[in-house]
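Chain residues, written in single-letter form:
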Amino acid sequence: MEYKVTGDLKDFMINRFIDHSKQIEEGDIFVSETGNRVFIEEAIQNGAKAILTEYFIHDCSVPQVILPTDMHLFKERISLMTHKLYGRNIKTIGITGTNGKTTVASFIGQLLMQQQKSVCIIGTLGVFVNGQKLNRPFRSNTTLPFYDFLQVVKYCFEHKVEYIVLEASSQGLLDNRLGIYPIDVGVFLNIGKDHLEFHGGMVPYKKSKELLATLSKQIVINDDDEWCRSIAEKTELPVIRFGERYTNDVIYQKADYSSEIVHYKYIVRDKEVQLKMKNSGYYNGMNIAAALASLSGLNIPLEDIKVLTLPKGRLEQIPNENGLEVLIDYAHTPDALEACLSTISSYAKKDIYVVFGCGGNRDKQKRKGMGEVATKYATKIIITSDNPRDERPEDIIAEIVSGVSLSKVMIEPDREKAIILALSTAQKGDVILIAGKGHEQEQITNGLVVPFSDHHVVRNYLDESGGLITKNDPVA
């Protein structure tokens, strides 16, 4: 590659290439794609020995490596180098789709660990190695930024990790966060409406997700989803299909969702596979099918499969002594909300409460759909705020309720008060679904990021009312 060097780089040992100034350690090269002077100075103070940049930086106190208009090519080269040095013996699974990425990644990780495999999961909840969160200063993106991802690959190599399972978001793929790092199995789950304000419509949104196929050696597709089938039709890669049709490689046989524990049944390449978990409905049955298909693509035998559990913030139940079923879920699209509520309605005997809102400065067209889904399944609806950002919560709520019968709708813009309203109003035997934030620990309002957790609000209320089951209680 063509480049220029300013300053003295003789006898210089490169530690790492890092594009986050706060992560810089002594001996690193800081990759500056924006030329932001504040970040450059912070990187130098933290020990950066040189700056890699597309543009010459005046009055820079350390050497510069200037790559004019070649930063994209540099990422391609360094991602292939990383794979050659560290990732060649690690199998990598990438998962994309509007809904279910975190859950499928978790299921794949659990199944791999049940087969005594060492696995790293990278996604919305963070970076986990064999079930333990890796406490490194990585950023919180669903798909890690490029140089963070390379650090994880190197860590996995050094700790003899055999599999990497990562969530590949549309934004992450479009931003080239994986470079051209080879993916052994690319998994396509579904398509729905999300992040359309970022992509500019459904067509570019789909095309962004389809970039995963360009990195993959083989793909797994949801044969029940039209978009996924279209990807299979366009590719020359080996395709593994999952779904209900008996022509699929992994066949999902319908289970009985009316009981508390569901026995899920599958046929994986002509062999019957059964497993059970707490009722999480049809859509999680399909998520399990995606995980089984992924392992099938890697030729991993499925022996002695144990109970699977949902990740944090996915239909997560908060135990209590009030006789309520309190569930917290990340669902923030109409499809995801419908998946949750349809599951609950299949077994609920009494009222179904749902507390939810819609994000500000995001996908206005999905707001009415969220309201319609809520009124279709729930008997009590409390509409509130969910990261209103720069919009007025009242304006967002008005769009959610447009065209919806208000007979069973309550409005409370304050999310904490809305959750408490549901908890204090519901009766024994009722189900409360608190949707939209799941695992998140903050709320974004008027440009401010403030600490906020649905879990914290629920547990505080139950604790104060004497309804929280703790680990010290004999019934827990």
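Note: the structure precedes this text.
For every chain, the first residue of the written sequence is number 1, and numbering continues from 1 along that sequence. Residue-level local features of this predicted model are given only where pLDDT is at least 70; pairs of side-chain atoms are given and counted only at 80 or more, and the full residue set underlies all totals for whole chains, interfaces and linings. Side-chain measures were taken over the full set of non-hydrogen atoms in the model, leaving aside hydrogen atoms and water.

Turning our eyes to something else, we now look at the pattern of salt bridges. Each reported salt bridge corresponds to a side-chain nitrogen of Lys or Arg within 4 Å of a carboxyl oxygen of Asp or Glu. A complete count under the given rule lists 28 salt bridges for this structure. Each of K364, R367, E391 and E399 takes part in a single network of salt bridges with overlapping partners.

Strand pairing requires that DSSP identify at least two bridges connecting the strands. Secondary structure elements are taken from DSSP: a helix is a run of H or I of four residues or more, a strand is a run of E of two residues or more, and numbering for both begins at the N terminus. Both strand 19 (residues 352–356) and strand 20 (residues 380–383) contribute to a ladder of four bridges, which runs parallel. By the bridge assignment for strand 20, V355 is matched with I382. Once you follow strand 19 into helix 11 (residues 367–377) and on to strand 20, the crossover reads as right-handed. Strand direction decides the pairing type here: strand 20 and strand 21 (residues 409–411), joined by three bridges, are parallel. By the bridge assignment for strand 21, I383 is matched with I411. Every crossover in which the path from the first strand over the helix to the second runs clockwise, viewed with the strands pointing away from the viewer, is termed right-handed.

Another point: the nonpolar core. By nonpolar core is meant a set of buried Ala, Val, Leu, Ile, Met, Phe, Trp, Tyr and Cys residues that side-chain atoms within 4.5 Å join together. Burial here depends on accessible area, computed with a 1.4 Å probe over protein chains only, as a share of the maximum for the residue type. Under 20% is buried, over 50% is exposed, and the range in between is partly exposed. Among the nonpolar cores identified, the biggest contains 45 residues, and C120, I122, F149 and F188 are the most heavily contacted of them. The greatest single-element share of this core, amounting to eight residues, is contributed by helix 4 (residues 146–158). Grouped together as the second largest cluster of nonpolar side chains are 41 residues, A105, I121, L275 and I288 included.

A word on the sheet that holds strand 2 (residues 17–18). Here five strands make up an open sheet; going across it, the order is 1-5-4-3-2 and the pairing mixed. A strand with exactly one partner marks an edge of an open sheet, and here the two such strands are strand 1 (4–6) and strand 2. The pairing of strand 1 with strand 5 (residues 64–66) spans three bridges and is classified as antiparallel. Of the residues in strand 5, the one forming a bridge with K4 is I66. Docked against the sheet, helix 2 (residues 71–87) engages strand 2, strand 3 (29–32) and strand 4 (50–53), running at close to 110 degrees with respect to strand 4. Contacts: residue pairs with any heavy atoms within 4.5 Å of one another. Comment: axis = line fitted to C-alpha atoms, over the contacting stretch for helices; angle = value between 0 and 180 degrees taken between N-to-C directions.

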